[in-house]
Each structure stands twice: as structure tokens, then as C-alpha cells.
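Given next are the chains, with one letter for each unit.
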Amino acid sequence: MTTAEHNRSLFGNLAGALARLRAPGEGSSLLVAILLGVTLLMSAANLLLPAESPLYVSTYTITLMGKYLCFAMLAMAVDIVWGYCGILSLGHGAFFALGGYGMGMYLMRQIGDRGVYGNPDLPDFMVFLNWQELPWYWHGMDQFWFALLMALLVPGLLAFVFGWLAFRSRVTGVYLSIMTQALTYALMLAFFRNEMGFGGNNGLTDFKDILGFDLQADGTRVALLMATALLLALTFVASRAIVHSRLGRVVVAIRDAEPRARFLGYRTEGYKVWLFVYSALVAAVAGMLYVPQVGIINPGEFSPLNSIEVVVWVAVGGRGTLYGAIVGALLVNYAKTRFTAVMPDGWLFALGTLFVVVTVLLPKGLVGLLQRGRPTDAETRGENNTGEVSAGNAPAEPITGEARA
């Protein structure tokens, strides 16, 4: 076998492996195995090998990988609504940041009297601003279970109210995208105010421990990485099950021909609200995992630019695949880490160029490049050339059993 034939064979095997990720069962198992396998190897290399070993993985790399996986979960949350329901959200950074603030409030309460001012009840920034008592919405945040509940409930409730109002009014397209962007921008301005009681411009930082474990210890860092990888894998499997279920088929039908789906009797706004809330909860979980690993949460996480950057990750990897969003988030953030050290002033231009090139030359993203000539999700589900679900493959009745219009 010649070198060229060997390279073509190797590329074909890689393309086939990536293409199999689209299969509901085999694909989920393969990606979960890769995620957990890499995480276990990195964890073992950090805890078991000496620092002078060439195979040793530093704690900094462990933390960086954990941050990348949080971003991958956020990208997957955007892909769920954008790739499968056609909802281009430019405000998912809001749900990510709200989940992070929920975890940050818990971590601040764990500091106790170990802060700079030694106040057992008030965080340092409240003492500095002459707050006399703890605000009512901080009560109970010293309990881990309550903090987790609030970190999910607040963004979930916000997503439900926003989605119900927007989808019930049949706001779609660029108007909906602008509204999501306005939402996260308004929250950013609000959290910048010291009167809100969330640390203002500086945010929440200087965390000490979580559940009694030192956040600076190698073992804690490894545990956070493994928890992030495990939750990312579970979220991926759950999302795959949703988009390949009968409910997922209705969502795709709504994406491709919402008036037709509505004419058939589906209450499309209900499906869109449900999927939007699920996506927001996934983003909130990513934010909760992000904060203890990076050690800070501030209003900058609400920035609309961050949400737009997430869309770039999804577009680069390939939307409508879930795993493409994960691949895009990992690759772009790794490139960002490398290039910001080499050309810090030019990174944003490089990111914009990458987005334009992918949009023009690779409309299906990087994973689409490796899947040319292979059946797509649309073809395997029986969609026609325009991406619409054929009548013979559409579910006979709404999945939720709602009354037809």
C-alpha cells in the first residue's frame, strides 16, 4: 500500500468514526467513552505521576480542560435550540452566568470569617460597602443543595417567562435573536451595580473550599474535572435521546415548517418553550461547574459578545449534531488559549475570519467536512431535500397529548 493510499484509508476510517457519532446508540457510546477516557487518563497523570515525568499533567492543564468542558456544555445548550429548533439565541450567556452566580454565592458563604475583614456573615465586598446585614436573597445560600436549586430555578424560570412571552407572540428570526441579546445586556448592566448585592464590577471571587474540600488542592481540581466530564456526557446522552425521540421530530418539523406544524394541530409555542427551558438549564449547569474551577464570576460573563462567541463555536463545529458543538468549543477555545499568547491584539480578528471562512466554505462546520457523501440526520429521519419532514414520517399526533387547535 502506497503512502497516499494509507493516508486516504486513515482519513476514511476517521471520517467513518466521526460519522457514526450521528447514530443514536453507537455515537453516544463512542463520544462518552472518549470524554471519560481522556478525563481519566489526565486525572491519573496528575495524581499518580511525579512532576518531573514527561507524561505528567499539571494542575493548570486540569483546570484549563475543565473550563473547556464547561464551554462545550454551553455550546451544546445553544446547539439544542439553534440546530434543532432554529432558535438563534444570542443570550445564553445570561443563563450560564446566572448558574455561575448561584454557585458563587454558595462559595462566598463558605468563606465565613476567613475573609479579609473577618466577618462571619457578610462577604468582604458587603463589609467594604458598609452593608449592615445580609440581603434576604443570600439567606440559605450557605447550604449546597439550596444553592444548586436556586442556580437552576432562577435561570429556568427566566427562560420560561421569556420563552412563553416571545413564542406566544410568535416572535421569530432576527427579532428573537435581538431580544435574547437585549436580555443578557440588561442583566449585565444590572449586575454591574453595587446595589444589587453581587459584588458589582469585581463580582464574586477569593473562594476557599467547596463541600469542605480545599479548592486549590490537586485532588479537588481533578474531582471537579471528572464531575464536569461526567455531567457533560450525561447531558449529551440525554440531549441525543430528546432530539431523536418523537418529540425531537416535532421540534425539527417546527424548525423547518412551523406554519405547517401548527396547521396539523401542534401547539408549537409549547414545544419551543420546553426546549428553550431545557437548554437554559444545561447552560446553567455549565456555569455552576465553571465558577469553582476558574475561581471567579463577574458581570462580564453576561456580555453579549460572549454569547455571540458561543454561536461561533457551534458554527465552527457544525450545528444540528450536538457533538459538533462540543468539538467546536474545544478547538476554538484551545486555539484562543494559544493565539492570545502569541497575538493578543489580533485574536478577535482571527476569530472573525474563522467564522466567515466556515460560514462561506463549510456551512455544516468541521464535522460536515468529514461527512460528505454520508447520510445525514435529515435523510435517516425521512426528511425531503428542503429539510422538511415528509407527511409519512411525521408523528400522527402531538407527543404531549395536547388538544389540537
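Residues numbered from 1 in each chain as written. Predicted model: local features only at pLDDT ≥ 70, side-chain atom pairs only at ≥ 80, totals over all residues. Heavy atoms only, no water.

K.L.:
Break down the overall build of the chain for me, citing the residues and quoting the values.
P.N.:
Each helix and strand counted, the chain has 15 helices and 4 strands in total. For the chain, the proportion of its 405 residues judged to be buried stands at 48%. Pairs at least 24 residues apart make up 77% of the contacts formed inside the chain by residues separated by at least 6 positions. Counting only carbon and sulfur atoms, one obtains 65% of the accessible surface of the chain, whose full area is about 19,500 Å². (Helix = DSSP H or I, 4+ residues; strand = E, 2+ residues; numbered from the N terminus. Buried < 20%, exposed > 50% of the residue type's maximum accessible area, 1.4 Å probe, protein only. Contact = heavy atoms within 4.5 Å. Areas by Shrake-Rupley, 256 points an atom, 1.4 Å probe, with all protein chains shown as cover.)

K.L.:
Could you give an account of the nonpolar core, with specific residues and numbers?
P.N.:
Among the nonpolar cores identified, the biggest contains 108 residues, and Leu107, Trp138, Leu204, Leu232 and Phe302 are the most heavily contacted of them. Here this core gets 17 residues from one element, more than from any other, and that element is helix 3 (residues 59-85). Residues within four places of Leu232 in sequence aside, it is in contact with Leu35, Leu69, Ala72, Met73, Met76 and Ile326. (Core = buried A, V, L, I, M, F, W, Y, C linked by side-chain atoms within 4.5 Å.)

K.L.:
A description of the environment of Gly219 should follow, citing residues and the corresponding values.
P.N.:
Along the chain, Gly219 turns up in helix 8 (residues 218-243). Sequence separation between Gly219 and Leu47 is 172 residues, and the spatial gap between their C-alpha atoms is 7.4 Å.

K.L.:
Outline the pattern of salt bridges, supporting the account with residue identities and numerical values.
P.N.:
Under the defined criterion, the tally for this structure stands at 7 salt bridges. Residue Arg114 pairs with Asp209 through a salt bridge whose shortest N-O separation is 2.9 Å. A residue pair is termed long-range when its members are at least 10 positions apart, and Arg114 in the loop between helix 4 (92-109) and helix 5 (124-128) and Asp209 in strand 2 (residues 209-210) qualify at 95 residues. Using a relative accessible area of 41% as the deciding quantity, one classes Arg114 as partly exposed. (Salt bridge = Lys/Arg side-chain N within 4 Å of Asp/Glu carboxyl O.)

K.L.:
Kindly report on helix 9 (residues 246-263), identifying the contributing residues and their values.
P.N.:
Counting along an α-helix, one turn takes 3.6 residues, and residues three or four places apart therefore face a common direction. A rise of 1.5 Å per residue sets the reference length of helix 9, with its 18 residues, at 26 Å; its end C-alpha atoms lie only 18 Å apart and thus fall more than 12% short of the reference. Maximal helix bending in helix 9 amounts to about 125°, located at Ala257; proline Pro259 follows within four positions. Buried within helix 9 are the following residues: Leu247, Gly248, Val250, Val251, Val252, Ile254, Ala257, Glu258 and Ala261. Positive backbone phi, at 110°, marks Gly265, one or two positions downstream of helix 9. (Expected span 1.5 Å × (residues − 1). Bend = angle between axes of the 7 residues up to and from the residue.)

The values are spatial; any link to function lies outside them.
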